[in-house]
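Below, each chain spelled out in residue letters.
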Amino acid sequence: MTRIVFLGPPGAGKGTQAARLAAELGIPHLSTGDMLRAAVAQRTPLGLEAQGHIEAGRLVPDDLVLRILTERLGRPDARAGFVLDGFPRNLAQAERLEQITPLDLVVAFEIPAAQLVERLSGRRICPACQTVYHVTNRPPKVPGRCDFDGTELVQRPDDRPEAVRTRLAVYAQQTAPLVDHYTRRGLLRTLDATGSPEDVARRLRQLVG
Ligand code: ADP
Ligand code: AMP
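Residues numbered from 1 in each chain as written. Chains lettered and ligands numbered in written order. Predicted model: local features only at pLDDT ≥ 70, side-chain atom pairs only at ≥ 80, totals over all residues. Heavy atoms only, no water.

> What's the story with the overall build of the protein in this structure? I'm lost.
In terms of regular secondary structure, the protein is built from 9 helices and 7 strands. Principal-axis analysis of the C-alpha atoms places the extent of the protein at approximately 45 × 40 × 35 Å. Looking at the protein as a whole, 44% of its 209 residues qualify as buried. For the protein, contacts bridging at least 24 residues in sequence account for 67% of all contacts bridging at least 6. In the protein, 28 positive and 24 negative side-chain charges are present, and the distance between their average locations comes to 1 Å. (Helix = DSSP H or I, 4+ residues; strand = E, 2+ residues; numbered from the N terminus. Buried < 20%, exposed > 50% of the residue type's maximum accessible area, 1.4 Å probe, protein only. Contact = heavy atoms within 4.5 Å. Lys, Arg positive; Asp, Glu negative; His and termini not counted. Charge placed at Lys NZ, Arg CZ, Asp CG, Glu CD.)

Right, here's the structure in full:
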């Protein structure tokens, strides 16, 4: 059983590594950001309520995110373990998560702020399958098109500079304190998130064992 949380600032490479590690371990990659963007795309009531917060770079209210995450964690495939990416984002969410499931490991991604801005400004995603690209670091085979389904890639509205500034401030104020929280619980391991995706994946495998 491998129940892992990825903690780290926006653009640190959590989603990229989570997709890869989850595939290797045969457990689901649970990204609350992906779940919320899917709800926005489907125009569900929850998605419509979340949309303004996401696009401005603010956190979505805890009760909305918890509703979507609790439903997903309750599905049978999550019983064998999971890589949870983007949750918890504040202390209240961490406390709620403790009531839902125990954890085995929390990985804190560490990276200088200047590299975050470079990674976020070049990020493009496939709106159909959520695969993450970068215009220079991880370009698709055909420019502007997803390698897997040919869908036109898009820039996330919250990767524009103003929303990025808000997201970095929200991370520093609300999410970064979770590093201490999980250190106290003996669950935290830090990960050097600089270098190529392959370098980071190698270091991550050493942490996970
Ligand atoms: P997060 O989920 O932490 O917000 P992502 O995994 O979406 O981060 O990565 C942010 C951007 O940086 C994406 O465009 C991704 O392709 C790119 N990226 C991810 N890992 C690396 C890396 N090790 N080196 C360079 N670029 C990376
Ligand atoms: P991400 O894909 O993890 O970068 O998340 C994108 C956006 O979705 C965030 O900036 C928030 O607006 C929202 N979001 C994702 N996860 C959470 C969460 N755990 N709590 C609140 N908002 C979240």
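Continuing now.
> Is there a simple way to think about the site of ligand 1 in this case?
Neighbouring residues of ligand 1: 18 residues in total, closest Lys14, Thr16, Arg123, Tyr133 and Gly195. Within the backbone of Gly11, one N or O atom sits 2.8 Å away from an oxygen atom of ligand 1. Between ligand 1 and Ala12 there is a distance of 3.2 Å, counted from an oxygen atom to a backbone nitrogen or oxygen. Across the complex, the protein chains shield 93% of the 560 Å² of accessible surface that ligand 1 would expose by itself. Mapped by element, the contributors of at least two residues to the shell around ligand 1 are α1 (14–25), β6 (132–134) and α9 (197–208). In terms of residue class, the shell around ligand 1 is made up of 7 nonpolar, 8 polar and 3 charged. (Near = heavy atom within 4 Å. Polar contact = N/O pair within 3.5 Å; in protein donor to acceptor, adjacent residues only side chain to side chain. Areas by Shrake-Rupley, 256 points an atom, 1.4 Å probe, with all protein chains shown as cover. Nonpolar A, V, L, I, M, F, W, Y, C, P; charged D, E, K, R; others polar.)

> What is the right way to read unusual backbone geometry from this model?
With an omega dihedral of 0°, the bond running from Phe87 to Pro88 counts as a cis peptide bond. Of note in this structure, Arg43 is not a glycine but carries a positive phi near 55°. Of note, Arg43 is situated in the loop between α2 (32–41) and α3 (45–56). In the Ramachandran plot, Gln130 falls in the positive-phi region, its phi being about 75° despite a non-glycine side chain. For Gln130, a relative accessible area of 22% gives the class partly exposed.

> I would appreciate a short explanation of the layout of surface pockets in the present structure.
Here the idea is plain: a probe the size of a water molecule rolls over the atoms and shows the empty space left. Roughly 300 Å³ of volume is contained in the second largest pocket. Taken together, 15 residues line the second largest pocket, and the ones lying closest to its centre are Arg37, Val40, Ala41, Ile125 and Pro157. Those elements giving two or more residues to the lining of the second largest pocket turn out to be α2 and α3. Each residue belonging to the lining of the second largest pocket can be placed in one class, and the counts come to 8 nonpolar, 3 polar and 4 charged. (1 Å grid on protein atoms, 1.4 Å probe; cavity = no way out; pocket = protein on both sides within 12 Å on 5 of 7 lines; lining within 4 Å. Points joined across faces, edges and corners; volume = space filled by probe spheres on them.)

> How should I be thinking about the environment of Val117 in this particular structure?
Locating Val117 in the fold gives a position in helix α6 (residues 113–121). Distance in space between the C-alpha atoms of Val117 and Leu168 is 9.5 Å, their sequence separation being 51 residues.

> When you look at the sheet that holds strand β2 (residues 29–31) in this model, what are you seeing that I'm missing?
Backbone-to-backbone hydrogen bonds join strands into a sheet, with any given pair of strands oriented parallel or antiparallel. Overall, parallel pairing links the 5 strands, which are arranged β2-β3-β1-β4-β7 in an open sheet. Only two strands of the sheet have a single partner each, and these edge strands are β2 and β7 (188–192). On average, each strand axis in the sheet is inclined to that of its neighbour by 25°, with strand direction left out of account. For strand β1 (residues 2–7) and strand β4 (residues 105–110), the ladder comprises 4 bridges, and the chain directions are parallel. Across the sheet, Val5 pairs through a bridge with Val106, a residue of β4. Its contacts with the sheet put α1 on β1, β2, β3 (81–85) and β4, and the angle it makes with β1 is roughly 170°. (Pairing = 2+ DSSP bridges. Axes fitted to C-alpha atoms, helices over the stretch in contact; angles between N-to-C directions.)

> Is there a simple way to think about the pairing of β3 in this case?
For β3, the tally of buried residues reaches 5 of 5 residues, placing the bulk of the element in the interior. The sheet contact formed by β1 and β3 spans 5 bridges and is parallel. The residue bridging Thr2 from the neighbouring strand is Gly81, located in β3.

> Any chance you could explain the pattern of salt bridges here in plain terms?
Close approach of charged atoms lets side chains of opposite charge pair. In this structure the tally under the stated criterion is 13 salt bridges. Between Glu198 and Arg20 there is a salt bridge, with the nearest N and O atoms lying 3.7 Å from each other. One end of the pair, Glu198, is in helix α9; the other, Arg20, is in helix α1, with 178 residues separating them in the sequence. The class of Arg20 is partly exposed, set by a relative accessible area of 32%. The residue Glu98 makes a salt bridge to Arg185 at a minimum N-O spacing of 3.1 Å. Note that Glu98 is positioned in helix α5 (residues 91–100) and Arg185 in the loop between α8 (177–184) and β7, a separation of 87 residues in sequence. Classification of Glu98 as partly exposed rests on a relative accessible area of 40%. Take Arg185: its relative accessible area is 41%, and that puts it in the partly exposed class. (Salt bridge = Lys/Arg side-chain N within 4 Å of Asp/Glu carboxyl O.)

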